[in-house]
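Working through the structure, step by step
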Amino acid sequence: MPIQETLRFLNEFQAVLRKKQTQIDPLTFGITSPAIAAMVTWLSNLWNFCLVLSLLPGLYLWVLIQFDALGPNPVEAFHLFTGIWSLRFLCLTLLITPLQVVTSWRGVAPFRQLLGLTSFFYAALHVWGYLSIDHALIWTTIGQDLLETPYLWPGLLAFLILLLLALSSPKQGKKLLGKNWKKLHRWIYVAAVASILHYVMQLKGNLADPLFYGLIIGLLFASRIVIWIRNRQVTRLMIPRPRRLGDDDEEASGLTHRQGRGSAAGASKTTGILNSRS
Amino acid sequence: MKLFQSLPENRVTDPKVWEDRRRLLQLMGTGAVLTAAPFVASEERPSSAGSGRMNLDSSLRVTPEFATTHYNNYYEFSFDKSEPAELARALKTEPWTLEVTGQVEHPLKLSVDDLIKRFSPTERIYRFRCVEGWSAVLPWRGIPLRDLLLAAAPLSSSRFVAFTSIMAPELMPNQKSRKLLDWPYREGLRMDEALHPLTLLATGLYGKPLPAQNGAPLRLVVPWKYGFKSIKAIVRIEVLPQQPLTTWNQQAPDEYGFYANVNPAVPHPRWSQATERPLASSLHEPRMKTQLFNGYGDQVAELYSGLDLKRYF
């Protein structure tokens, strides 16, 4: 029965999500071919699954190119396709943190990294398309075009930010940069705003599409501000009196506070989680 | 006294015209050659009409018909270039009446059939350059606007020609919702531009009647200007003593000038105009360099001698 199998699959999937189990057992579905079983096992890892999903638009683009199906203006279609998918994955990257807060789902970092790198991947295709496909790497024309085309400037800024974030994305980069890593990666907000600007500035007047993505990014920003304010309020609750300048023995006041009130333990726990989510 | 009154006003020659008589004759000669240019139907075969003087050089490759008819800026219907091909079918182009009014001695009101019967259409292969940075090579059929205007006989006080598109909010979604532009779409030309032999009132494309999405049943084609000047679905032509208000110029005067001559040296405020992307060009072809007056400089540059093209863009 397909319904029963679907239910069983969902159960399995839930188990994976709850980390009770790391992979779906192919035998559950009566798959006996070792190659297919290996593939199902590999795909049943959520991260691997997301990796495949994130490469699907690229695969689709490749198929369109192979079949010469990009429409009346293929080069423009290439630009629009890679640009819009980079922006979409940028939105998804920004969606991960609010999602974590709402669902209390731990272990989102690898997914955020995957989505961010995918956004960079499409942005890189976009830039390569501009330099190589559209301008055949003729640098004098490219130079003049860059000077005379203001809508390219925020696009270039967004790409350079994504490039830096992608380069510093591996574990080694995180270790090397220490505290600065987080500061650097906050620039993703600037990249998001810049790419919307890049989108708006090239249109002749109908701004519905970029405004849609702008709205999404705006909502994601707003959710972060809400989280930030909540964090601050929780922190304030923990502090018995307003701190004055020079009152810098933080640890001591923290200690007094924790010993002083029973509810504080709960509050500090909440703060801990919220901080880890920001 | 009586003799003077009976002399039609438009018969009085403007001194500027007889001063430039030689130039006008030259232009008319060019028009005759252009009319004789063979129409090339094949998109692959280069035009054999090559002649430096006409600027229809042999490298002109006619854009594939599918690209031309499925990549249309027709904002009355949609802001998406692929949609007018489907949506514009709603526009009924028969019956259609064109009105020629204003400062003319013989105001005209005629159907498209009358127009075609009265003025013999010619075939012209023209480059087309959009202000957005894409271009095409299109095999038009149409009547020189000059012939129509001279039949209406503009008065000597006339300096400009204004064109108005159809207003049909029931058929045109963005007119109904009053989106973006001040409808109906309006364009304009200086009288000498309108009388130029290259300026065409198109009735056909690729040897067929004009498709709805390309501006049926009548559209303007001014090949040395950005595409937005080439107004579609014209219902009225008005001869005026002063410069008319035009749609895109009203919408964003610093971005879309009244002249809108193709000029690689004058960038749009937000993008370069130095190069262009021909429609249907593959991923292996780089952009093309844009030419001053879209390559028609040897025929139209004189219209603008002494004009600061950066200021009057």
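Residues numbered from 1 in each chain as written. Chains lettered and ligands numbered in written order. Predicted model: local features only at pLDDT ≥ 70, side-chain atom pairs only at ≥ 80, totals over all residues. Heavy atoms only, no water.

1. A closer look at the overall build of chain B
Selection criterion: Strands are runs of DSSP state E lasting at least two residues, helices are runs of H or I lasting at least four, and both sets are numbered from the N terminus onward. The rule is simple: take the accessible area with a 1.4 Å probe, protein chains only, and divide by the maximum for that residue type; under 20% is buried, over 50% is exposed, in between is partly exposed. When checking whether two residues touch, look at their non-hydrogen atoms; a contact exists if any pair is within 4.5 Å.
Scanning chain B for helices and strands turns up 11 helices and 12 strands. In chain B, which comprises 313 residues, the proportion classed as buried is 55%. For chain B, the share of sequence-separated contacts (at least 6 apart) that also reach a separation of at least 24 residues comes to 69%.

2. Some details on a positive patch on the surface
Residues and elements named next belong to chain A. Note the cut-off: Each patch is assembled from residues with relative accessible area greater than 30% and no salt bridge, linking like charges that lie within 9 Å and nonpolar side chains (Val, Leu, Ile, Met, Phe, Trp, Tyr) that lie within 5 Å. The protein chains shown are the only cover counted for residues, whose accessible areas, like all others here, come from Shrake-Rupley with a 1.4 Å probe. We count a salt bridge whenever a side-chain nitrogen from Lys or Arg sits within 4 Å of a carboxyl oxygen from Asp or Glu. Working convention for charge: Lys and Arg count positive, Asp and Glu count negative, and His plus the chain ends are omitted. We put the charge of a Lys on NZ, of an Arg on CZ, of an Asp on CG and of a Glu on CD.
A cluster of basic side chains, namely K174, K179, K182, K183 and R186, defines a positive patch on the protein surface. Top contributing element to the positive patch by residue count: helix α9 (residues 179-185), with 3 residues. Mapped onto the elements of the fold, K183 is located in helix α9.

3. Quick word on the pattern of salt bridges
Per the counting criterion, the structure on display carries 15 salt bridges over all chains. Here E86 of chain B and R89 of chain B are joined by a salt bridge, their closest N and O atoms 3.9 Å apart. For E86 of chain B, a relative accessible area of 51% translates into the label exposed. Note that R129 of chain B is salt-bridged to E276 of chain B, the shortest N-O span being 3.1 Å. With a gap of 147 residues between them, R129 of chain B in strand β3 (residues 122-129) and E276 of chain B in strand β11 (residues 275-278) connect regions that are remote in the sequence. A relative accessible area of 0% places R129 of chain B in the buried class. Look at E276 of chain B and you get buried, because its relative accessible area is 2%. One salt-bridge network, in which partners are shared between bridges, spans D134 of chain A together with R277 and R287 of chain B.

4. What about the pairing of strand β2 (residues 108-111) of chain B?
Both faces of the sheet carry side chains from a regular strand, because those side chains alternate between them. Residues and elements named next belong to chain B. Here is the rule: Two strands form a pair only when DSSP identifies at least two bridges running between them.
Residues L108 and L110 line the buried face of β2, whereas the alternating positions K109 and S111 sit on a face that is not buried. Across 4 bridges, strand β1 (residues 97-102) lies against β2 in antiparallel orientation. Considered in β2, the bridge of T97 is made with S111. Between β1 and β2, which pair antiparallel one after the other, the connecting turn spans 5 residues.

5. Let's talk about the packing of aromatic side chains
Within a pair of aromatic rings, the relevant descriptors are the distance that separates the centres and the angle that separates the planes. Residue and element names in this part refer to chain A. For clarity, the threshold we go by: Two aromatic rings from Phe, Tyr or Trp, using only the six-membered ring of Trp, form a pair when their centres are within 6.5 Å; if the ring planes differ by under 30 degrees the pair is stacked, by over 60 it is edge-to-face, and anything between is tilted.
Scanning the model with the defined rule gives 23 aromatic pairs over all chains in all. Consider the rings of F120 and F159, whose centres lie 5.9 Å apart with planes at 15 degrees: the pair is stacked. Here F120, found in helix α5 (residues 109-134), pairs with F159, found in helix α7 (residues 152-167); they are 39 residues apart in sequence, far enough to count as distant. The same class applies to F120 as to F159, namely buried.

6. A short note on the interface of chain B and chain A
Stated precisely, the cut-off is as follows: The term buried area refers to how much accessible surface (probe radius 1.4 Å) is lost by two components on association, counted for both of them together. For the purposes of these results, a polar contact is taken to be a pair of N or O atoms within 3.5 Å, where, inside protein, one atom must be able to donate a hydrogen and its partner to accept one; residues adjacent in sequence count only when each atom of the pair is a side-chain atom.
On the side of chain A, 26 residues touch chain B, which itself brings 31 residues to the contact. Approximately 2,200 Å² of surface area, both sides summed, lies buried where chain B meets chain A, with 58% of it carried by carbon and sulfur atoms. Between chain B and chain A we count 3 salt bridges in total. As a salt-bridge pair, E132 of chain B and K204 of chain A come within 3.1 Å of each other at their nearest N and O atoms. The tally of links from chain B across to chain A stands at 11 residue pairs in polar contact (both at pLDDT 80 or more).

7. Structural notes on the side chain of S119 of chain A
All names here are of chain A. Structurally, S119 can be placed in helix α5. Residue S119 is classed as buried on the basis of its relative accessible area of 0%. Excluding residues within four positions of it along the chain, S119 makes contact with S86, F89, L90 and L162.

8. Concerning the packing of helix α3 (residues 46-66) of chain A against helix α4 (residues 74-103) of chain A
All names here are of chain A. We apply this condition: Only the stretch in contact is used when fitting a helix axis, every axis being a line fitted to C-alpha atoms; angles between N-to-C directions are given from 0 to 180 degrees. What sets the label is the angle itself: under 35 degrees gives roughly parallel, over 145 gives roughly antiparallel, 65 to 115 gives roughly perpendicular, and the rest give oblique. Residues were grouped as follows: Ala, Val, Leu, Ile, Met, Phe, Trp, Tyr, Cys and Pro as nonpolar; Asp, Glu, Lys and Arg as charged; and all remaining residues, including Gly, as polar.
Running from N to C, α3 and α4 point in directions that differ by 175 degrees, and their axes come no closer than 11 Å. One element, α3, and the other, α4, form an angle in the roughly antiparallel class. Facing S54, P57, Y60, L61 and I65 of α3, the residues of α4 in contact are F78, F81, T82, W85 and F89. Partitioned by chemical class, the residues of the contact of α3 with α4 number 8 nonpolar, 2 polar and no charged.

9. Topic: the sheet that holds β1 of chain B
All names here are of chain B. Pairing is mixed in the open sheet, where 5 strands are placed in the order β2-β1-β10-β5-β6. Two strands close off the open sheet at either side, each with one partner strand: β2 and β6 (186-190). Between one strand axis and the next, the sheet turns through 15 degrees on average, direction left out of account. Where strand β5 (residues 160-165) meets β6, 5 bridges bridge the pair, whose relative direction is antiparallel. In the sheet register, A162 faces β6, and the bridge partner there is G188. Contacts from helix α7 (residues 145-152) reach β1, β2, β5, β6 and β10 (234-240) within the one sheet, and its direction differs from that of β10 by about 60 degrees.

10. A short note on helix α10 (residues 188-201) of chain A
Residues and elements named next belong to chain A. Short version of the rule: In a helix, the anticipated span is given by 1.5 Å times the number of residues less one.
An ideal rise of 1.5 Å per residue puts 20 Å on 14 residues; α10 measures up with 20 Å between its terminal C-alpha atoms. Those residues of α10 that fall on the buried side of the exposure criterion are I188, A191, A192, A194, S195, I196, H198 and Y199. Contact partners of the buried residues in α10: α4, α5, α7, α9 and α11 (208-238).

11. Details of a nonpolar patch on the surface
Residues and elements named next belong to chain A. A surface patch of nonpolar side chains, about 880 Å² in accessible area, is lined by W42, F49, V52, L53, L56, L59, W62, V63 and F67. Residue contributions to the nonpolar patch peak at 7 residues, all from α3. For W42, the position within the fold is in helix α2 (residues 34-43). In this structure W42 comes out as partly exposed when scored by relative accessible area, which is 42%.

12. So, α7 of chain B
Count 3.6 residues to each turn of an α-helix, and residues three or four apart come out pointing the same way. All names here are of chain B. Operational definition: To obtain the arc, one takes the directions from the helix axis to the C-beta atoms.
Where α7 is concerned, the buried positions are L145, R146, L148, L149 and A152. End-on view of α7: buried residues confined to an arc of 165 degrees, all on one side of the axis. Two residues or fewer after α7 comes A153, characterised by a positive phi angle close to 60 degrees.

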